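Survey of secondary and tertiary structure
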Amino acid sequence: MKNNKYQTLLKPFNYTFKKFTMKKILFIAAFGFLSQVLFSQSINSEKLDSYFDVLGKNNKFMGTVAINKNGKEIYQKSIGFADVQNNLKANSNTKYRIGSVSKTFTATLIFKAIEENKLSLEDNIIKFFPSIKNADKITIGQLLSHRSGIGNFTSDDTFTQWRTSPRTKKEMLDIIKAAGSNFSPDSTAQYSNSNYVLLTYILEDVYKQPFDKILNKKIIKKGGLKNTHNGKKINPAKNEANSYIFRENWIKDAETEASISLGAGAIVSTAKDVNTFIEALFRGEVISLENLELMKPKGGNIGMGLLLPPYNNKSGFGHNGSIDAFTSFFAHFPKDNVTYSITSNGSNMNMNSINETIIKAINNEAFEIPVFNTINIATESLDQYLGTYVNENAPFNLIITRIGNTLQVQPTNQPVFDLTVKELHTYVYEKRNVVIQFNPEKNTLNFQMGERNMDFTRE
C-alpha cells in the first residue's frame, strides 16, 4: 500500500496542461505573501525592464508581461523569440497558447448561455452525456467548479503518446468515460480538464455551432480582442509563438491538438487581450455582475472559472495555465483595479519568482535582479550520478539519465525533467523547487521539494 504522505509530494510531477494542464498549486503559491498589498499608480519600469532583460539573456524566460491600472496599460515587456529557429523576436502582439486560462473564457460562455436561458447551473448533464458515470447526478455547476468527480484524462500515463493527434468528439468522450469517477459528485473539488472539455461540447450543443464561432461571437468581437482565437496549428508567420523547452538551447516542443484541449486549454491570446477581457468581465460588460459573483470561489480556492489566491482578506482573483511548454497567468485585484497577465512560450525557472517580482514592482517594493552563475561540468563527470534510485517508502523511483551534458530525472511513470547544476553534486529543477543532492561515493541522493526531503539509494 502506498504511503499517503508522499502523494502530495508527487503532485507537481503529474501531467496537467504543462504536461499538460493547469498548475493551480503554482498559481496559489505565487500569491501567499500578498496579505496587505496596496498597489501604487506607477512602477519602476526601468528596473523591471532590467529584471526581464537578465532573464532573457540567461535563457530563463520568454514571453510577454502586461500590467494595467484603472483600465490603462502601465507596463508591457516582451522577451525572447516567438520562433527561435527563424530568429523571430516576440512583441506585444505575439500570440501564445494560454492553456487553462482558457477555462475562464469557457466558464464565461457558460454563464452567457445561462443568461440567454439555454442552460441552468442545476441542469444534470445526462441529457448531453448519458454514458458518463454519475451523469444523472452531475450538474453544469459541478463541471464548472471541478466538483463532478470525473477523472482528469490528461493525468493518464498514455496522454503524451496521443496528445498530438486529432480526436473526434466521440473519441474524446470515450477517453473521458474511461477516466472514470474519483469521488461522488459535489463531495469535494478536484481539478480535472475533463470537466471543461465536456462544457465545450455542451456549448456547441446548445448553440448549434463549433466552439470557435461561439467564442468569436460572444467574447472576441464584442470585447475588441484583436489577437485572440481558438487554437489551430501554430503559424509563426501570423505572429503565433511556438513553445520551447530549454536543454542547452531552446528546443521546440510538440503541440497538443486543439481538438483535445478545446475550452479546457486551446485558446490563443496575448497578455494585452487577456487583461482587456478580464477587466471587461469584472466591469460587468461580458456577463452580469451577479453571475460574476458565482464564478468566484466560495469556501475554497476553486470557483467556477476563477481561482482564489489564499492571502488574508485581500480580494483578488485569477487563473493560470500550462500547455506544452506554454505557461500563462492572470490576476485581477478589484479593490485596487489592477490586472496583470503573463503569456510565455518558454521558461527555465520557477514562475512563482516572476509573479512575486511583478507584484513587488506593482507595489513599488524592492526586488532583486538575479545573478546567474554558469558552472561547467564535464560530460563524463555526469556519469557518476546515473542510475535508478529507490526508497521503499516512496511510491516512485528516480531514474537519473543524461542527454549530452544535461542531467535528467524521471520519477516512475512521470515525465523527464532537465536538471540544472547549482554547485558540485547539487542539481535543481527550478520550476518545481526541486533540489537533488548526490553523494556518488555512497550511491545515494537526497530529493528535496520545498520543506519535504527524501533519501534514495542507487540500485
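Attention shifts here to the overall build of the protein. When you go through the protein residue by residue, the secondary structure sums to 14 helices and 21 strands. Buried residues in the protein amount to 55% of all 459 residues. Taking as baseline every contact in the protein between residues at least 6 positions apart, the subset at least 24 positions apart corresponds to 66%. Accessible area of the protein: about 19400 Å², with a carbon and sulfur share of 45%.

Let us look at the environment of Asn58. Within the secondary structure, Asn58 sits in the loop between helix 3 (45-57) and strand 1 (61-69). As for Asn58 and Asn348, which are separated by 290 residues in sequence, their C-alpha atoms are 9.3 Å apart.

Here the focus is helix 4 (residues 102-115). With 14 residues, helix 4 extends 20 Å from end C-alpha to end C-alpha; this agrees with the ideal 20 Å at 1.5 Å per step. Counted residue by residue, helix 4 has 13 buried out of 14 residues, so it is predominantly covered. Asn117 occupies a position one or two residues after helix 4 and carries a positive phi of about 60°.

In this section: the packing of aromatic side chains. Taken as a whole and judged by the stated rule, the model has 18 aromatic pairs. On the numbers, 5.9 Å between centres and 80° between planes, the contact of Tyr427 with Phe438 is edge-to-face. In this pair, Tyr427 sits in strand 18 (residues 426-429) while Phe438 sits in strand 19 (residues 434-439), placing the two residues 11 residues apart along the sequence. A centroid spacing of 6.4 Å and a plane angle of 70° characterise the contact between Phe447 and Phe456, whose relative ring orientation is edge-to-face. With respect to burial, Phe447 and Phe456 carry one shared label: buried. The structure contains a cluster of three or more aromatic residues connected by ring pairs, namely Tyr51, Phe52, Phe61 and Phe367. The side chain of Lys47 reaches across the aromatic face of Phe367, ending 4.6 Å from its centre.

This paragraph deals with the sheet that holds strand 11 (residues 326-333). With antiparallel pairing, five strands are arranged side by side in an open sheet as 2-1-12-11-10. Every interior strand has two partners, whereas the edge strands, strand 2 (72-79) and strand 10 (317-323), have only one. Ignoring which end each strand starts from, the neighbouring axes of this sheet average 5° apart. Note: strand 10 against strand 11, seven bridges, orientation antiparallel. Along strand 11, the bridge assignment pairs Gly321 with Ser328. In the packing of helix 13 (residues 351-362) onto the sheet, the strands contacted are strand 1, strand 11 and strand 12 (338-347), and the crossing angle to strand 12 comes to about 150°.

A few words now on helix 7 (residues 169-179). Here helix 7 has its buried residues at Met172, Leu173 and Ile176. For helix 7, the angular spread of the buried residues around the axis is 100°, confining them to a single face. Set apart from the buried face of helix 7 by more than 90 degrees, the exposed residues are Lys170 and Ala178. Its buried side turned inward, helix 7 meets helix 6 (159-162), helix 8 (193-207) and helix 10 (258-265).

Once that is clear, we can look at the nonpolar core. Counting 60 residues, the largest nonpolar core has Phe105, Phe129, Leu144, Ile202 and Leu281 as the members making the most contacts within it. Ranked by residue count, the leading element in this core is helix 8, at nine residues. The residues contacting Ile202, other than those within four sequence positions of it, are Leu119, Ile125, Phe128, Phe129, Ile140 and Leu143. One finds Ile43, Ile79, Val338 and Ile354 within the second-largest nonpolar core, a separate group that totals 24 residues.

Okay, the confidence of the model for the protein next. Mean pLDDT over the protein stands at 88; residues scoring 70 or higher make up 90%. Counting contacts from residues 1-38, a segment whose pLDDT is below 50, to residues more than four positions away or on other chains yields 136 contacts. In this model, residues 310-314 is a region of pLDDT below 50 whose contacts with residues beyond four sequence positions or in other chains number 16 contacts.

The full count for this structure, using the stated rule, is 15 salt bridges. A salt bridge links Glu255 to Arg97; the nearest nitrogen and oxygen atoms lie 3.5 Å apart. Taken together, the residues span a long stretch of sequence, with Glu255 in the loop between strand 8 (249-252) and helix 10 and Arg97 in strand 5 (residues 96-97) at a distance of 158 residues. Within this structure, Arg97, Arg163, Lys233, Asp253, Glu255 and Asp324 form a network of salt bridges that share partners.

Quick notes on the rules
Within each chain, residue numbers correspond to sequence positions counted from 1 in written order. Residues qualify for local features only when their pLDDT is at least 70, as the model is predicted, and side-chain atom pairs are given and counted only at 80 or more; totals for whole chains, interfaces and linings, by contrast, use all residues. Calculated side-chain values reflect all of the structure's heavy atoms, with hydrogen atoms and water omitted. Strands here mean DSSP runs of E at least two residues long; helices mean DSSP runs of H or I at least four residues long; both are numbered from the N terminus. Between buried and exposed lies partly exposed: a residue is buried under 20% and exposed over 50% of the maximum accessible area for its type, with that area taken using a 1.4 Å probe on protein chains only. Two residues qualify as a contact provided that any one of their heavy atoms is within 4.5 Å of a heavy atom in the partner residue. Only the protein chains shown count as cover for residues, with accessible areas throughout obtained via the Shrake-Rupley method and a probe of 1.4 Å. Given the number of residues in a helix, its expected span is that number minus one, multiplied by 1.5 Å. A pair of Phe, Tyr and Trp rings is counted when the ring centres sit within 6.5 Å of each other, with Trp represented by its six-membered ring. The angle between the planes then sorts it: under 30 degrees is stacked, over 60 is edge-to-face, the rest tilted. Think of it as a cone above the ring: NZ of Lys or CZ of Arg counts as a charge over the ring if it is within 6 Å of the ring centre and within 35 degrees of the ring normal. A strand pair is defined by DSSP finding two or more bridges across the two strands. Note on definitions: angles span 0 to 180 degrees between N-to-C directions of axes, and those axes are lines fitted to C-alpha atoms, for helices only across the stretch in contact. Relevant arc is that of directions from the helix axis to the C-beta atoms, nothing else. In these notes, a set of buried Ala, Val, Leu, Ile, Met, Phe, Trp, Tyr and Cys residues joined through side-chain atoms within 4.5 Å is what counts as a nonpolar core. Predictor confidence is given residue by residue as pLDDT, running from a minimum of 0 to a maximum of 100. Any carboxyl oxygen of Asp or Glu within 4 Å of a side-chain nitrogen of Lys or Arg constitutes a salt bridge here.

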